[in-house]
Amino acid sequence: MAVKYDSPICLAVLNPKGRDPFLDYHDGPESYENGVHAPVNFHAYAAATYGAFYDSTDKLLKQKDRFDAVLVLIRRRTWITLAAVKELKAAGMRVIVSWKECSHNQVSRQLRNAKTIRAYGEILALADGILSPTLAWPPRCGSVGQNEFWQKLKFIPTPYPIDFSSWDFSTPTESRIGILIGTREFKTESRNHIQAITRAASLAHEFSIPRVTVINSEKKRGLTTLAELESSFPAGCLRIIENPLPYLDYMSLLSGHRLVYQMDRSTVPGQVAGDCLLARNICVGGGSSIEKIAFTEYSDDGSIRLKEMFERVAHLLQDEDVMERAIAKSQKRARKKLSFEAITQQLASWRVLQ
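Quantities reported herein were computed from a predicted structural model and do not represent experimental measurements.

Trainee: Can you tell me about the overall build of the protein, naming the residues and giving the values?
Mentor: Looking only at helices and strands, the protein features 14 helices and 12 strands. For the protein, the C-alpha radius of gyration of 21 Å lies close to 20 Å, the compact-globule estimate for 354 residues. If you line up the protein on its principal axes, its C-alpha atoms span 65 × 50 × 35 Å. Taking the intrachain contacts of the protein between residues at least 6 apart in sequence as the baseline, contacts between residues at least 24 apart amount to 73%. A total of about 15,600 Å² of accessible surface is found on the protein, and carbon and sulfur atoms cover 48% of it. Each charge class in the protein can be summarised by its mean position, and for the 46 positive and 39 negative side chains these summaries are 6 Å apart.

Trainee: I'd like a rundown of the sheet that holds strand β6 (residues 129-132), residues and numbers included.
Mentor: Across the sheet, which stays open at both edges, the seven strands sit in the order β2-β3-β1-β4-β5-β6-β7 with mixed pairing between neighbours. Strands with a single pairing partner mark the edges of an open sheet, and in this sheet they are β2 (23-24) and β7 (153-155). For strand β4 (residues 69-74) and strand β5 (residues 95-99), the ladder comprises five bridges, and the chain directions are parallel. From the neighbouring strand, L73 faces β5, where its bridge partner is S98. Packing against the sheet, helix α3 (residues 78-90) makes contact with β1 (11-14), β4 and β5, and its axis sits at approximately 165 degrees to β4.

Trainee: Describe unusual backbone geometry, and please don't skip the residues or the numbers.
Mentor: For Y50, which is not glycine, the phi dihedral falls at a positive 60 degrees. Among the structural elements, Y50 can be located in the loop between α1 (43-48) and β3 (52-54). Positive phi, close to 55 degrees, is recorded for N192, a residue that is not glycine. Mapped onto the secondary structure, N192 falls in the loop between β8 (179-181) and α7 (193-207). For N192, a relative accessible area of 23% gives the class partly exposed.

Trainee: Summarise the nonpolar core; cite the residues concerned and give the values.
Mentor: Among the nonpolar cores identified, the biggest contains 89 residues, and Y45, V212 and L347 are the most heavily contacted of them. With six residues, the single largest contributor to this core is α7. Excluding its chain neighbours within four sequence positions, the residues that come into contact with L347 are I9, L11, Y45, T49, L131, I156 and L353. V70, V97, W99 and C141 belong to the second largest nonpolar core, which has 31 residues in total.

Quick notes on the rules
- Residues numbered from 1 in each chain as written.
- Predicted model: local features only at pLDDT ≥ 70, side-chain atom pairs only at ≥ 80, totals over all residues.
- Heavy atoms only, no water.
- Helix = DSSP H or I, 4+ residues; strand = E, 2+ residues; numbered from the N terminus.
- Rg over C-alpha atoms; globule rule 2.2 N^0.38 Å.
- Contact = heavy atoms within 4.5 Å.
- Areas by Shrake-Rupley, 256 points an atom, 1.4 Å probe, with all protein chains shown as cover.
- Lys, Arg positive; Asp, Glu negative; His and termini not counted.
- Charge placed at Lys NZ, Arg CZ, Asp CG, Glu CD.
- Pairing = 2+ DSSP bridges.
- Axes fitted to C-alpha atoms, helices over the stretch in contact; angles between N-to-C directions.
- Buried < 20%, exposed > 50% of the residue type's maximum accessible area, 1.4 Å probe, protein only.
- Core = buried A, V, L, I, M, F, W, Y, C linked by side-chain atoms within 4.5 Å.

What follows is the structure, given as structure tokens:
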């Protein structure tokens, strides 16, 4: 793939002792290949800057001269990240850090004992920069002072390759049918998954929506719960996908719906909303960082009245012009603030990387 822009910075992303294998984005994100992690979430910071994603500190250090800095992901076992940060700093590399699971609830669950908190505090003190891909700031712990902490910290959302035609998963809007539920987990309370499903049932009755699709990710227990909820929908309306899908199949499913609806309040970066950008679709009802940026009129932190949100959904479902304008507006915002090229500029202007 031809490079469409010059990145002023090249980042390595390291998930120390993680499961995702090495990926090199020297030539940018190619077309998707089955079994290969898409250039989304933290992989995207490497892909956007023509960098690379690593699972091993040793592998990264062999190529360290290629990179301006390394983004190290903070794991639940924070001492593993601390060891990697110390090794990289000793080798003279510029290090920025970010929680891999970074919502308020996720960070709180991970900082569960003194050993974890102590290592996390050391990480903050050693790091040159602290990246937050969500508007929910990470906590300050340890010896790093308040002023120093804020000087190191910067919100930079996860980029999405909307500037690459090979990552356009759109289908004609006139062929799209119904609503896809964006969340999948009943067990995570802040996802409000059951609330989203039952509200979609009300929408289906009120606006004669022919199809509402939900993806089950909780095996037999999830299927049992979904089967019980099916009676809330018009007959034949609820479509249950029994297991998570491969990426291409998932994107095809997403782009085949009129919109995606969720009520996720878990302060996450917003992968579902990012997937909607790649599908040239609309994400409604959630409060993630990407939803607030790209789908401003349709995001909800819980403060919008139910009737008002239903009216917004109705306009998207019933009016092609409203839908087309909403898609165009979200794409324009995303190109300005969330595209690969836009995020490389945000990274390059960050004081700790200059």
